[in-house]
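Listed below are the residues making up each chain.
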Amino acid sequence: MQLLHMNQMDQTKFCCSVCLDLLKDPVTIPCGHSYCMNCIKSFWDEEEKKKIYSCPQCRQTFTARPVLVKNTMLADLVEELKKTGLQAAPADHCYAGPEDVACDVCTGRKMKAFKSCLFCLASYCEKHLQPHYDVAPLKKHKLVEPSKKLQEKICSRHDEVMKMFCRTDQQSICYLCSVDEHKGHDTVSAAAERTERQRELEVSRQNIQQRIQDREKDVKLLQQEVEAINQSADQTVEHSEKIFTELIHLIQKRSSDVKQQIRSQQETEVSRVKELEEKLEQEITELKRKDAELKQLSHTEDHIQFLHNYPSLSALSESTDSSSINIRPLSYFEDVTAAVSEVRDKLQDILREEWTNISLTVTEVDVLLSDPPEPKTRAGFLKYSCEITLDPNTAKTILLLSEGNRKVTVMKQQQSYSDHPDRFTNRCQVLSRESLTRRCYWEVERKRRGVDVAVAYKNISRAGSGSECVFGCNDKSWALECNNNSYTFWYNNIQTPVSGPRSSRVGVYLDHRAGILSFYSVSETMTLLHRVQTTFTQPLYAGLWFHNYGDTAELIKLK
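These numbers come from a predicted model, not from an experiment. (Residues numbered from 1 in each chain as written. Predicted model: local features only at pLDDT ≥ 70, side-chain atom pairs only at ≥ 80, totals over all residues. Heavy atoms only, no water.)

In this section: the overall build of the protein. When helices and strands are counted, the protein shows 10 helices and 23 strands. Its C-alpha atoms give the protein a radius of gyration of 54 Å, more than 25% over the compact-globule value 24 Å for 559 residues. Viewed in the frame of its principal axes, the protein has a C-alpha envelope of about 190 × 80 × 35 Å. Looking at the protein residue by residue over its 559 residues, the buried ones come to 32%. When the accessible surface of the protein is totalled, it reaches about 35,800 Å², and 52% of it is carbon and sulfur. Averaging the positions of the 75 positive and the 79 negative side-chain charges in the protein gives two centres separated by 9 Å. (Helix = DSSP H or I, 4+ residues; strand = E, 2+ residues; numbered from the N terminus. Rg over C-alpha atoms; globule rule 2.2 N^0.38 Å. Buried < 20%, exposed > 50% of the residue type's maximum accessible area, 1.4 Å probe, protein only. Areas by Shrake-Rupley, 256 points an atom, 1.4 Å probe, with all protein chains shown as cover. Lys, Arg positive; Asp, Glu negative; His and termini not counted. Charge placed at Lys NZ, Arg CZ, Asp CG, Glu CD.)

What follows is the structure in structure tokens.
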């Protein structure tokens, strides 16, 4: 019965509150609490330097180190408990690991701390913390979550808890510091400073939360943009495939039509030739028969009979007119081949000319929320350099193009250009082959006197000499007039004087999307001459306008 009663007892009553294991050589100290002899010895050894010895549970202190005597009754009870096989060892997860805060009271293998006390500056496991809940003086202590940095809360100068804050020096201090080296400073309690910082923290959190909401909205917009891009790309691929398929079918239809036409004409012409051939064959047969009769008549010895038969045999039927047979050697359907070849060449030219525009239009798709700023150095501009060539089909007939259609010279004699609807008929102007729909930079080197460096829409008028054809004199073109002694900017027939260093080279920067057009004087440095901020509604083309015979300008290769 006694053993059964002991088994039903709370075995923790026989555990050391320091090691949390069954008591080993139990001793009872003056306050009545019991510990393993080695545990309490080790605990008091650590307090030896203070010459004050305390109870790990109730914190009662003793000025003289109590003499420890083994508690025989407890030792016998613990032995009886051991015989029952009961163990008081806590689970492994209750022990403190390298990253955990350990109980400062436990000896041997330490338990995890449950709380830290800011007054005691110690951390306690749940068992050793119990006196802070039971003992009246300990109940006033400030308990916080377990912390490894309790010593950081102690003033190294005065060995006191730092409960003040110096706003002047922005550091935590103890009360003695506030009347010592921080005397006269703006000091408040740590709690008051915390309250102030807490208000600032809340404002910061509100700002952060607002920024999070803003960014989440931006992310949602970008996600919608991705969906829109994918949808647009899919639709465009579908539509472009349909358009190219229709174009292929049209070409195939035209190919079939030409083939059918050729075969039909072939059949007609061959039939006509065969018919004529048959007539000639019949005439040959008739002539041969007539020749045989005449031959036989020539051998007739009877003169009367000869004269009687001759009139009827000598008459010939009407002969086929040989002049109607007009043979054209090697020139039957070859002209059709030439005509088809001409169509092919024109289609190739169109596809080559328009492909650049299509390609640039594709690469210009840009949904970035902001455009990069205009470059500040020539190296920065050169990152956007593009190779531009001039279109001979737009050049006035006295303009000679050379250097791969990058150089232009004004000649007195007409050049051998074919007629073309894109050609400027009266103004010494020329446009680039390439359309400009993105950020790009190019430079023009001029020689002799006046050249206008321009950009224009493709639908600028070409025929005539009115302002609708002249770069800078309409709302479809922008031009910088470069003379030896001055610069003038022209747009919509309004001129603006421009000041800047004279140079034979002009740089042009275009950001089509941002609506920026800038002209620079380029020498050892770059100087902005004029800048336009507008909205471009169509692709632009680089242009040149010449004033005098002999003037020359060249689009410089920058790459």
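Okay, a nonpolar patch on the surface next. Taken together, Phe 244, Leu 247, Ile 248, Leu 250, Ile 251, Val 343, Leu 347 and Ile 350 make up a surface patch of nonpolar side chains, about 680 Å² in accessible area. Among the elements that take part in the nonpolar patch, helix α7 (residues 190-298) stands out by supplying five residues, more than any other. Assignment of secondary structure puts Ile 350 in helix α9 (residues 334-363). Look at Ile 350 and you get partly exposed, because its relative accessible area is 46%. (Patch = residues over 30% accessible without salt bridge, like charges linked within 9 Å, V, L, I, M, F, W, Y side chains within 5 Å. Salt bridge = Lys/Arg side-chain N within 4 Å of Asp/Glu carboxyl O.)

Judged by side-chain charge, Glu 275, Glu 277, Glu 278 and Glu 281 come together as a negatively charged surface patch. With respect to the helices, strands and loops of the structure, Glu 277 is situated in helix α7.

This part covers the nonpolar core. Generally speaking, nonpolar side chains in soluble globular proteins are found buried as a group. Counting 38 residues, the largest nonpolar core has Trp 442 and Leu 544 as the members making the most contacts within it. Aside from chain neighbours lying at most four places away, what touches Leu 544 is Leu 390, Val 408, Cys 428, Gln 429, Val 430, Val 444, Val 451, Asp 452, Val 453, Phe 471 and Ala 553. (Core = buried A, V, L, I, M, F, W, Y, C linked by side-chain atoms within 4.5 Å. Contact = heavy atoms within 4.5 Å.)

Of all the six residues making up strand β16 (residues 477-482), six are buried; the element is thus mostly covered by neighbouring parts of the structure. Side chains Ser 477, Ala 479 and Glu 481 project from β16 onto one buried face, and the interleaved Trp 478, Leu 480 and Cys 482 project onto a second face that is buried too. As paired strands, strand β15 (residues 451-457) and β16 are joined by six bridges and run antiparallel to one another. Opposite Val 455, over in β16, you have Trp 478 as the bridge partner. (Pairing = 2+ DSSP bridges.)

Below, the discussion takes up unusual backbone geometry. Look at Glu 403: it is not a glycine, yet its phi comes out positive at around 50 degrees. Looking at where Glu 403 falls in the secondary structure, it is placed in the loop between β11 (399-402) and β12 (407-410). You can call Glu 403 partly exposed: its relative accessible area is 46%. Even without a glycine there, the phi angle at Asn 405 is positive, about 65 degrees. Its place among the elements puts Asn 405 in the loop between β11 and β12.

Pairing is antiparallel in the open sheet, where seven strands are placed in the order β11-β12-β23-β14-β19-β20-β21. In this open sheet, the two edge strands, each paired with only one partner strand, are β11 and β21 (526-533). If you compare each strand with its neighbour and ignore which way they point, the axes differ by 20 degrees on average. Bridge count for strand β20 (residues 516-522) against β21 is seven bridges, and the pairing is antiparallel. Directly across from Ser 521, in β21, lies its bridge partner Thr 527. (Axes fitted to C-alpha atoms, helices over the stretch in contact; angles between N-to-C directions.)

Note that strand β17 (residues 487-491) and strand β18 (residues 494-498) share five bridges and pair antiparallel. Bridge pairing links Phe 489 to Thr 496 in β18. Hairpin connection, β17 to β18: the antiparallel pair is bridged by two residues, and Asn 492 has positive phi, about 55 degrees.

As a further point, take the environment of Leu 129. Structurally, the position occupied by Leu 129 is in helix α4 (residues 126-134). Leu 129 sits 73 residues away from Pro 56 along the chain, and the two C-alpha atoms are 9.6 Å apart. The residues contacting Leu 129, other than those within four sequence positions of it, are Phe 114, Lys 115, Tyr 124 and Leu 143.

Turning to the side chain of Ser 432, a few remarks are in order. Examined against the element boundaries, Ser 432 turns out to sit in the loop between β13 (429-431) and β14 (439-447). You can call Ser 432 buried: its relative accessible area is 3%. Within the structure, Ser 432 has its side chain in polar contact with the backbone oxygen of Glu 434 (distance 2.8 Å). In this structure, Ser 432 is in contact with Ile 388, Thr 389, Leu 390, Asp 391, Tyr 541 and Ala 542, ignoring residues within four places of it in sequence. (Polar contact = N/O pair within 3.5 Å; in protein donor to acceptor, adjacent residues only side chain to side chain.)

For the protein, the assigned domains read domain 1 (13-86), domain 2 (205-312) and domain 3 (378-556). Between the C-alpha centres of domain 1 and domain 2 there is a distance of 115 Å. (Domains from an automatic or database assignment.)

Taken as a whole, this structure holds 12 aromatic pairs when the rule is applied. Between Phe 489 and Phe 519, the aromatic rings sit 6.1 Å apart at their centres with planes inclined by 55 degrees, giving tilted as the arrangement. Within this pair, whereas Phe 489 is found in strand β17, its partner Phe 519 is found in strand β20, the two being separated by 30 residues in sequence. For Phe 519, a relative accessible area of 0% gives the class buried. In textbook terms, an aromatic cluster arises when at least three aromatic residues are bridged by ring pairs, as seen for Phe 381, Tyr 384, Tyr 441, Tyr 509 and Tyr 520. (Phe/Tyr/Trp six-rings, centres within 6.5 Å; stacked < 30°, edge-to-face > 60°.)

This part takes up the sheet that holds strand β10 (residues 187-189). A sheet is described by the order of its strands in space; here three strands give the open sequence β9-β8-β10, paired in antiparallel fashion. Here the strands that pair on one side only, and so sit at the sheet edges, are β9 (171-173) and β10. Neighbour-to-neighbour, the strand axes of this sheet turn through a mean angle of 35 degrees, independent of strand direction. Where strand β8 (residues 164-166) and β10 come together, three bridges link them in antiparallel fashion. Paired with Cys 166 across the strands is Thr 187, a residue of β10.

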